[in-house]
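# Architecture at a glance
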Amino acid sequence: MGNRIKIRRKELRIKQAELAEKLNISNNHMSSIENGRQKPSLDIFIRICDLLNVTPDYLLLGSMHAYNIPQDIIDKLRLCNQSDIELAGDFIELLVKRNNKATHNEPKL
């Protein structure tokens with residue numbers, strides 16, 4: 001878990017000391033969490049998830065989110081307005097229909 005915190009923090013270009021300050025913990029404690037020597041309290045864990053914009057399952061299990069959707073796609077969708085998100089949903093529905101149609105049209109062996 002600590003390594004995933006460190007990797008995500010670096011992806012977001014947040015210094016360890018900055019994250020520790022936002023969490024109201026010492027830099028030494030943050031270092032111990034990232035290096036696996038200590039586990040964060042539940043409160044700190046939830047705040048880390050919020051600050052790093054990740055789901056708890058990513059930090060605990062290593063999957064960024066349900067259904068293995070890449071985090072960068074989730075991040076970019078969060079920057080869109082509601083009508084753009086609806087348009088993205090419509091596009092995804094078209095892809096699903098196209099894939100279902102292609103699957104049903106494949107020759108059977």
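See the structure shown above.
Procedures and definitions
Residues numbered from 1 in each chain as written. Predicted model: local features only at pLDDT ≥ 70, side-chain atom pairs only at ≥ 80, totals over all residues. Heavy atoms only, no water. Helix = DSSP H or I, 4+ residues; strand = E, 2+ residues; numbered from the N terminus. Buried < 20%, exposed > 50% of the residue type's maximum accessible area, 1.4 Å probe, protein only. Areas by Shrake-Rupley, 256 points an atom, 1.4 Å probe, with all protein chains shown as cover. Salt bridge = Lys/Arg side-chain N within 4 Å of Asp/Glu carboxyl O. Axes fitted to C-alpha atoms, helices over the stretch in contact; angles between N-to-C directions. Parallel < 35°, antiparallel > 145°, perpendicular 65-115°, else oblique. Contact = heavy atoms within 4.5 Å. Nonpolar A, V, L, I, M, F, W, Y, C, P; charged D, E, K, R; others polar.

Per the secondary structure count, the protein includes seven helices and zero strands. Start at the N end of the protein and walk to the C end: the helices and strands fall as α-α-α-α-α-α-α. The 109 residues of the protein split such that 25% are buried. For the protein, the exposed area adds up to about 8,000 Å²; of that, 56% sits on carbon and sulfur atoms.

Next up on the list: the pattern of salt bridges. Scanning all chains against the criterion turns up three salt bridges. With its nearest N and O atoms 2.6 Å apart, the salt bridge here joins glutamate 34 to arginine 9. With a gap of 25 residues between them, glutamate 34 in helix 3 (residues 27–34) and arginine 9 in helix 1 (residues 2–11) connect regions that are remote in the sequence. Under the relative-accessibility criterion, arginine 9 is labelled buried at 7%. A salt bridge links aspartate 43 to arginine 47; its shortest N-O distance comes to 3.3 Å. One end of the pair is aspartate 43 and the other is arginine 47, both in helix 4 (residues 42–52) and four residues apart, which spans about a single turn.

With a phi close to 60°, arginine 13 is a non-glycine residue in the positive phi region. Relative to the elements of secondary structure, arginine 13 occurs in the loop between helix 1 and helix 2 (16–23). Given a relative accessible area of 75%, arginine 13 falls into the exposed group. At asparagine 24, a residue that is not glycine, the phi angle is positive and equals roughly 60°. Along the chain, asparagine 24 falls in the loop between helix 2 and helix 3.

Closest axis-to-axis distance for the helix 1/helix 3 pair is 6 Å, and the angle between their directions is 115°. Here helix 3 runs roughly perpendicular to helix 1, going by the angle between their axes. Contacts between helix 1 and helix 3 involve Gly2, Asn3, Ile5, Lys6 and Arg9 from the first element and Met30, Ile33 and Glu34 from the second. Taken together, the residues that form the contact of helix 1 with helix 3 break down as three nonpolar, two polar and three charged.

What follows concerns the environment of isoleucine 25. Summarising the element assignment, isoleucine 25 is placed in the loop between helix 2 and helix 3. Here isoleucine 25 falls in the buried class, since its relative accessible area comes to 18%. For the pair formed by isoleucine 25 and isoleucine 44, sequence separation is 19 residues and the distance between their alpha carbons is 8.9 Å. Excluding anything up to four places from it in sequence, isoleucine 25 contacts Ala20, Met30, Ile33 and Ile44.

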